[in-house]
Protein chains: 2
Amino acid sequence: MRIALDAMGGDSGPDPIIDGALAALRENRSYEIILLGPEELLQQHLATLGVSGSLAGRLHVEHAPEIITMHETPVEAVRRKKNSTIMVGFELVRSGRADAVVSAGHSGATLASAVKKLGRLKGISRPGIASLFPTLKQPVMIMDLGANVDCRPQHLLQFAIMASSCISKILQLANPRVGLLSIGEEAGKGNALVKEAHELLAASSLNFIGNVEGRDVYQGNVDVIVCDGFVGNISLKVSEGLADAAMQMLRTEILKSLRAKIGYLLIRGAFKNFRKRVDYAEYGGAPLLGINGVGIVSHGKSNATAIKNAVVVAANMVEKKVNQSIVESLAKWGQTESAEAEV
Amino acid sequence: MRIALDAMGGDSGPDPIIDGALAALRENRSYEIILLGPEELLQQHLATLGVSGSLAGRLHVEHAPEIITMHETPVEAVRRKKNSTIMVGFELVRSGRADAVVSAGHSGATLASAVKKLGRLKGISRPGIASLFPTLKQPVMIMDLGANVDCRPQHLLQFAIMASSCISKILQLANPRVGLLSIGEEAGKGNALVKEAHELLAASSLNFIGNVEGRDVYQGNVDVIVCDGFVGNISLKVSEGLADAAMQMLRTEILKSLRAKIGYLLIRGAFKNFRKRVDYAEYGGAPLLGINGVGIVSHGKSNATAIKNAVVVAANMVEKKVNQSIVESLAKWGQTESAEAEV
């Protein structure tokens, strides 16, 4: 299992990413990791961190001198920077030298790069970004999270098929419940896109439970939620922003009184467990679904745990043949021709 | 100042609403409140609550035997139930017997009812729902929250003009900063609707600061955020759902240890202040903007404080002539003709 890891993608430079790589190598002896980045720079970091012994034997460096920054447009960046970490990573997958790519960098560019190097899965018109979210019960997979801002109903159906296949393999769910994000539970509620997508989903063989609302996202009564990438990305960012703001307000209130400060000392273990339960780092990154290969995008703020878990998710995707399952589902449900005709 | 108050709209029946009415009457001696609902039923509740003295003299009942339930479609409900609380309320406004309507019932039906009885403001093609949200700094007004699920760019511009006029009057802001909710800060980021709306907003005389992201909603660096009603409603519901789920998870963690339970006793004052800071009840309901009159929709879960504050918001909207300000802004910025042509 060889995972190519973008060492330059994170907001805090290569160190947390290399730490995550080492944690992954320790966790599973069958893993090898190929760090992507400027060789000289990475060798310096590795020397400083003092990596040695059996771990060093499973940790490689592939020279990739260019870095795609967050302000570049995906398609242009991928065209101009052929030696960027992400492009080099997917070239390794294309040529069979790696099984998957993990990047905490530009998610749009990572997807564009994957499509350029590996192509799409047969029958998929729009690959996208899926991710697991914590809920009161087991995690829910939401797709799309921002790759496709203007969607057609057919795309939402494909997201549902892809995310169902993925979560059923990754979390071993027999028949994942699929919900369509809307603003009312009844079939007639929602915008034009959602109303048409509802009909397609209801007519499919998926375990479609109907519309779900924003309130349902964190309840855990559905396994897959589909939406267009605009709505998905805003839901994700609103959630992150609210969590941050709430913690900041609560901290301000606690610091106002000695009594509350003492209370916080007693309660902080519970806070820590709570945070761990909702921490994106535990979920390890978001699979790109619909590409002919395995790619995982991680949060720019990823710490070593998040990177380690992203590597584990990538390995899982490869081992459990998620892509094969997607292609089979599409073929079984007769989506192949219509999607290809649409491209 | 006479406010018609839908006594049957809340999830918990008339009592919290009547309590809210009494609180409002106590707070401001110039208020009169007209409770809307089945007369006999309301008189029973009033007798049980023992309302008397000067308050009773400013609290009236208007018989409205029908109630619109949450499962009815707005347009049909408004057509069929002419004697519903909401329709009777806006009829009071139409005939000059009340200055505004407040309802914690079906927000879509409330808007449909307002449009039917009062019509739209000159130049407005799509009235909608705006609301204040708590942030780390001063509140932000978001529009639309669900009345208009499929919008054109022109509608988003009108939302921006209406919400700007409203917040500048209500919170006395000289030049409210307006942001467009999108998935990237750059002008080119977003879906087709947002890209076109960006151009209209940039060309307007509003204090447009550009795109804002989901993360920015709770930061307080913008005064007005515009989006279509589908995205707005999902952002609102995702926020509510996350807040509920997080509190439930935190409670579970706290109950696991005696130490944490003791800590909670010490810290709960801070929690209470925090909750008060983010409580929708403090914001008192969402103005319907674009109708030729004043209507406020409140959360179905509204307690007495929320209802009292909604009455205050309604009175403020009337006193500060928010609608007049909207019409003037539209005329000044040349929106009148184009909007009317579109209807």
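What counts and how
Residues numbered from 1 in each chain as written. Chains lettered and ligands numbered in written order. Predicted model: local features only at pLDDT ≥ 70, side-chain atom pairs only at ≥ 80, totals over all residues. Heavy atoms only, no water. Helix = DSSP H or I, 4+ residues; strand = E, 2+ residues; numbered from the N terminus. Buried < 20%, exposed > 50% of the residue type's maximum accessible area, 1.4 Å probe, protein only. Contact = heavy atoms within 4.5 Å. Areas by Shrake-Rupley, 256 points an atom, 1.4 Å probe, with all protein chains shown as cover. Lys, Arg positive; Asp, Glu negative; His and termini not counted. Charge placed at Lys NZ, Arg CZ, Asp CG, Glu CD. Domains from an automatic or database assignment. Buried area = accessible area lost by both parts, 1.4 Å probe. Salt bridge = Lys/Arg side-chain N within 4 Å of Asp/Glu carboxyl O. Polar contact = N/O pair within 3.5 Å; in protein donor to acceptor, adjacent residues only side chain to side chain. Nonpolar A, V, L, I, M, F, W, Y, C, P; charged D, E, K, R; others polar. Pairing = 2+ DSSP bridges. Axes fitted to C-alpha atoms, helices over the stretch in contact; angles between N-to-C directions. Parallel < 35°, antiparallel > 145°, perpendicular 65-115°, else oblique. Left-handed = near helix turned anticlockwise from the far one by under 90°. Disulfide = S-S within 2.5 Å. Core = buried A, V, L, I, M, F, W, Y, C linked by side-chain atoms within 4.5 Å. Right-handed = clockwise from strand over helix to strand, strands pointing away. Least-squares fit on C-alpha atoms with pLDDT ≥ 70 in both.

## Considerations on the overall build of chain A
Across its full length, chain A holds 13 helices and 11 strands. Its C-alpha atoms give chain A principal-axis dimensions of about 60 × 60 × 35 Å. Across the 343 residues that make up chain A, the buried fraction comes to 57%. Expressed as a percentage of contacts within chain A between residues at least 6 apart in sequence, the contacts between residues at least 24 apart total 73%. Carbon and sulfur atoms provide 51% of the accessible area of chain A, an area that totals close to 13700 Å². Across chain A, the mean location of the 37 positive side-chain charges is 5 Å away from that of the 34 negative side-chain charges.

## Concerning the domain arrangement of chain A
All names here are of chain A. Segmentation of chain A into domains returns domain 1 (1-122 + 283-320) and domain 2 (135-278). Computed from C-alpha atoms alone, the centre-to-centre distance between domain 1 and domain 2 is 26 Å. Across the contact, nine residues belong to domain 1 and 12 residues belong to domain 2. Summing the contributions of domain 1 and of domain 2, the shared interface buries around 900 Å²; its carbon and sulfur component is 69%. Considering only the side of domain 1, the residues that lose the most area to domain 2 are Tyr-283, Leu-289 and Lys-320, jointly responsible for 60% of the buried surface there. At the junction of domain 1 with domain 2, the criterion picks out zero salt bridges. Taken together, the links from domain 1 to domain 2 amount to one residue pair in polar contact (both at pLDDT 80 or more). When residues of the side of domain 1 that touches domain 2 are traced back to their parent elements, those giving at least two are strand E10 (286-289) and helix H11 (304-319). Classifying every residue of the side of domain 1 that touches domain 2 by side-chain character gives five nonpolar, three polar and one charged.

## What to know about the sheet that holds strand E2 (residues 32-37) of chain A
Strand pairs in the sheet, formed through backbone hydrogen bonds, run parallel or antiparallel to each other. Residue and element names in this part refer to chain A. With respect to topology, 11 strands assemble into an open sheet ordered E3-E2-E1-E4-E11-E10-E5-E6-E9-E7-E8, the strand pairing being mixed. Every other strand in the sheet has two partners, leaving strand E3 (59-63) and strand E8 (207-212) as the edge strands with one partner each. Averaged over neighbouring strand pairs, the angle between their axes works out to 25° when direction is ignored. Sheet topology places strand E5 (residues 128-133) next to strand E6 (residues 140-143); four bridges connect them, and they run antiparallel. The partner of Phe-133 across the bridge, within E6, is Val-140. Its contacts with the sheet put helix H2 (residues 39-49) on E2 and E3, and the angle it makes with E3 is roughly 155°.

## Remarks on the interface of chain A and chain B
At the interface, 54 residues of chain A touch 54 residues of chain B. For the chain A and chain B pair, buried surface summed over both sides reaches about 5100 Å², with 70% attributable to carbon and sulfur atoms. Area buried by chain A at its contact with chain B is led by Arg-215, Phe-230 and Met-249 of chain A, which between them contribute 14% of it. Here chain A and chain B share six salt bridges between them. In this structure, Arg-215 of chain A and Glu-240 of chain B form a salt bridge, with 3.3 Å as the shortest nitrogen-oxygen distance. Seen at the junction of chain A and chain B, the total is 13 residue pairs in polar contact (both at pLDDT 80 or more).

## As for the pairing of E10 of chain A
Residues and elements named next belong to chain A. Alternating positions in E10 separate into two faces, Ala-286 and Leu-288 on one and Pro-287 and Leu-289 on the other, with burial throughout. Relative to E10, E5 runs antiparallel, the two sharing two bridges. Of the residues in E10, the one forming a bridge with Ile-129 is Leu-288. Pairing of E10 with strand E11 (residues 295-297), which is carried by two bridges, proceeds in the antiparallel orientation.

## Overview of the side chain of Asn-148 of chain B
Residues and elements named next belong to chain B. Assignment of secondary structure puts Asn-148 in the loop between strand E6 (140-143) and helix H7 (153-170). Asn-148 sits in the buried class, given a relative accessible area of 6%. A distance of 3.4 Å separates the side chain of Asn-148 from the side chain of Arg-126, its partner in a polar contact. If we ignore the near neighbours within four places in the chain, the residues touching Asn-148 are Arg-126, Pro-127, Gly-128, Phe-159, Asp-228, Gly-229 and Phe-230.

## Focus on the packing of helix H1 (residues 14-27) of chain B against helix H11 (residues 304-319) of chain B
Residues and elements named next belong to chain B. Remark: H1 packs on H11, axes separated minimally by 7 Å, with the N-to-C direction vectors making an angle of 50°. Classed by the angle they form, the pair H1 and H11 counts as oblique. For the element pair H1 and H11, the recorded crossing hand is right-handed. Residue-level inspection shows Pro-16, Ile-17, Asp-19, Gly-20, Ala-21, Ala-23, Ala-24 and Glu-27 of H1 in contact with H11, the latter providing Ala-304, Ile-307, Lys-308, Val-311 and Val-312. Here the contact of H1 with H11 is composed, by residue class, of nine nonpolar, one polar and three charged.

## As for the state of the cysteines
Disulfides are covalent bonds that connect the sulfur atoms of two cysteines. All names here are of chain B. One pass over the full model with this rule turns up zero disulfides over all chains. Counting only cysteine sulfurs, Cys-227 is the nearest neighbor of Cys-166, a cysteine outside any disulfide, at a range of 15 Å. You can call Cys-166 buried: its relative accessible area is 0%.

## Concerning the sheet that holds strand E5 (residues 128-133) of chain B
Residue and element names in this part refer to chain B. Read from one edge of the open sheet, 11 strands run E3-E2-E1-E4-E11-E10-E5-E6-E9-E7-E8, paired in mixed fashion. With one partner strand each, in any of the chains shown, strand E3 (59-63) and strand E8 (207-212) form the two edges of the open sheet. The mean angle between the axes of side-by-side strands here comes to 25°, regardless of whether they run parallel or antiparallel. Sheet contacts for helix H6 (residues 107-118): strand E4 (100-103), E5, strand E10 (286-289) and strand E11 (295-297); angle to E10, the most-contacted strand, approximately 35°.

## A word on the nonpolar core
Core analysis: the largest hydrophobic core is formed by 234 residues, its most contacted members being Ile-33, Leu-35 and Met-317 of chain A together with Ile-33, Leu-35 and Met-317 of chain B. Examining the composition of this core, we find that 11 residues originate from one element, helix H9 (residues 229-255) of chain B, more than from any other.

## Observations concerning the pairing of strand E1 (residues 2-6) of chain B
All names here are of chain B. The element E1 is extensively covered by neighbouring structure, given that four of its five residues are classed as buried. Relative to strand E2 (residues 32-37), E1 is paired through five bridges, and the arrangement is parallel. By the bridge assignment, Asp-6 is partnered in E2 with Leu-36. Where the polypeptide runs from E1 across H1 and back to E2, its parallel neighbour, the crossover connection is right-handed. Relative to E4, E1 runs parallel, the two sharing three bridges. Within the sheet, the bridge partner assigned to Ala-4 lies in E4 and is Val-101.

## Re the environment of Gly-10 of chain A
Residue and element names in this part refer to chain A. Looking at the element boundaries, Gly-10 is found in the loop between strand E1 (2-6) and helix H1 (14-27). Overall, Gly-10 belongs to the buried group, its relative accessible area being 16%. On a C-alpha basis, the gap between Gly-10 and His-106 in space is 9.3 Å, while along the polypeptide they are 96 residues apart. Other than its neighbours up to four places away in sequence, Gly-10 contacts Ile-17, Ala-104 and Gly-300.

## Re the relation of the copies chain A and chain B
Superposition of chain A onto chain B requires a rotation of 180° combined with a translation of 0.0 Å along the rotation axis, giving an RMSD of 0.0 Å. Look at the turn and shift together and you get a two-fold axis relating the two. Taking the C-alpha atom as reference, chain A places Gly-263 of chain A closest to the rotation axis, 1.9 Å from it. When the interface residues of chain A are mapped onto chain B, 100% of them again fall at the interface, so both copies present the same face.

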